[in-house]
Amino acid sequence: MVDAILAVLQRPSFLTFVILFLWGFYIMVTRYNLVKKLIGMYLVQTSVIFFLVSISVKKGATVPVLLSTTDPVIAASYANPLPHVLTLTAIVVGVATTGVGLALCAAIYQKYGSLDEQEILERLE
Amino acid sequence: MIFSYEIILLLLLLITAAGAIMVKDLMSSVLLLGSYSFFLALVWAWTGAVDVAFVEAVVGAGLATVLFLLTLFRTAPKDTRLRRPLPSLITLIVFPLVGVLLLYAASDLPGYGDPNSPASVHVSPTYLEQSYQDSHTLNVVTSVLMDYRSLDTMVETVVIFASGIACALLLRRHG
């Protein structure tokens, strides 16, 4: 038990990831306002990306831009570039999907005059 | 061993996220979300992921905030339901359970900043060592994104194109 708590405290970025992920997910599930739900979705997306980027960190390493073209590269002195590449794609796709969600919100508002889930359900009946 | 700047940045990250969640006015909520994105970019620049930080500052903080604001200008900028009913029992049980399980799994993760973590020893050194010979680009992230995984990047633009078409079709009728 104590070991588990110590392991969490030694990884503050993982603790931040868990808080952001669960809080955003909770907002997605419980709030009635559709824009608020999308804000929660954005938090979930960025928290997962945050976790992936925190994997790539190496202690004492610099950014993954080579310092010299002639010397042999020591891999331990540069941060791991692969999670960076994959998350670049994920950020852009995440914002694109959020944009589609917001367009859906605008279309729903124009049809039903509300962004509240319960009110929309009442007007659907 | 714990890095003080990082703790401060992570706290700011959590505070801005909490603000974006708790504020009733959706306009200020969206602006707080933009500042959250900027702090996220700052954390990433601090941990050495500069390319990701650039993209988050431009796309996350810039474009996403603009999209949210455009939606709010067309719709209602208030979260009108002031009183929220208590969440259901399943929600109250499942979310703490998932949180405890995730935190319990933390002890099996490789240590923070460990150069010998599994993600950093398998193929990643090969990319770092070979990318200059293969693509003559100093930035390894660029060479992986644009050379080794260029098909992936191309199909990503297809996804963005599709989402743009979806937005245009959804908003077409009302101009």
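Every chain is numbered on its own, with residues counted from 1 as its sequence reads. Chain letters and ligand numbers both follow the written order, the letters beginning at A and the numbers at 1. Under the rules for a predicted model, residues below a pLDDT of 70 receive no local features and side-chain atom pairs below 80 are neither given nor counted, while totals for whole chains, interfaces and linings still include all residues. The side-chain figures draw on all heavy atoms in the structure; neither hydrogens nor water molecules are used.

Caption draft 1: Molecular detail of the nonpolar core. Counting residues in each nonpolar core, the largest one holds 62 residues, and the members touching the most others are A:V35, A:F50, B:L33, B:Y36, B:W44 and B:F68. The helix count covers DSSP runs of H or I at least four residues long, the strand count covers runs of E at least two residues long, and both are numbered beginning at the N terminus. Breaking this core down by element, the ones donating at least two residues are α2 (12-30), α3 (34-55) and α4 (81-112) of chain A together with α1 (4-22), α2 (26-46), α3 (50-74) and α7 (140-148) of chain B. In terms of residues, this core owes the most to one element, α3(A), which gives 10 residues. These domain boundaries are the output of an automatic or database domain assignment. Both of domain 1 (1-80) and domain 2 (133-175) of chain B provide at least three residues apiece to this core. Here, residues are in contact when the closest pair of their heavy atoms is within 4.5 Å. With near-sequence residues (within four places) excluded, B:Y36 lies in contact with A:L20, A:Y42, A:L43, A:T46, A:S47, B:L13, B:T16 and B:A17. The definition of a nonpolar core used throughout is a set of buried Ala, Val, Leu, Ile, Met, Phe, Trp, Tyr and Cys residues joined through side-chain atoms within 4.5 Å. Three labels apply to residues, based on accessible area from a 1.4 Å probe with only protein chains included: buried if under 20% of the type maximum, exposed if over 50%, partly exposed otherwise in between.

Caption draft 2: Structural context of the environment of A:L9. Mapped onto the fold, A:L9 is located in helix α1 (residues 2-9). Between the C-alpha atom of A:L9 and that of A:E117, which follows or precedes it by 108 residues, the distance is 39 Å.

Caption draft 3: The domain arrangement of chain B, seen in detail. Domain parsing of chain B yields domain 1 (1-80) and domain 2 (133-175). Between domain 1 of chain B and domain 2 of chain B, the C-alpha centre-to-centre distance is 23 Å.

Caption draft 4: Representation of the pattern of salt bridges. Salt bridges are identified by distance alone: a Lys or Arg side-chain nitrogen within 4 Å of an Asp or Glu carboxyl oxygen. This structure, assessed with the given rule, holds three salt bridges over all chains. In this structure, A:E117 and A:K37 form a salt bridge, with 3.5 Å as the shortest nitrogen-oxygen distance. Residue A:E117 is found in helix α5 (residues 117-124), and its partner A:K37 is found in helix α3; the two are separated by 80 residues along the sequence. When its relative accessible area of 28% is taken as the criterion, A:E117 is described as partly exposed. The class for A:K37 is buried, based on a relative accessible area of 15%. We note a salt bridge from B:R149 to B:D152, for which the minimum N-O separation is 3.0 Å. Classification of B:D152 as partly exposed rests on a relative accessible area of 30%.

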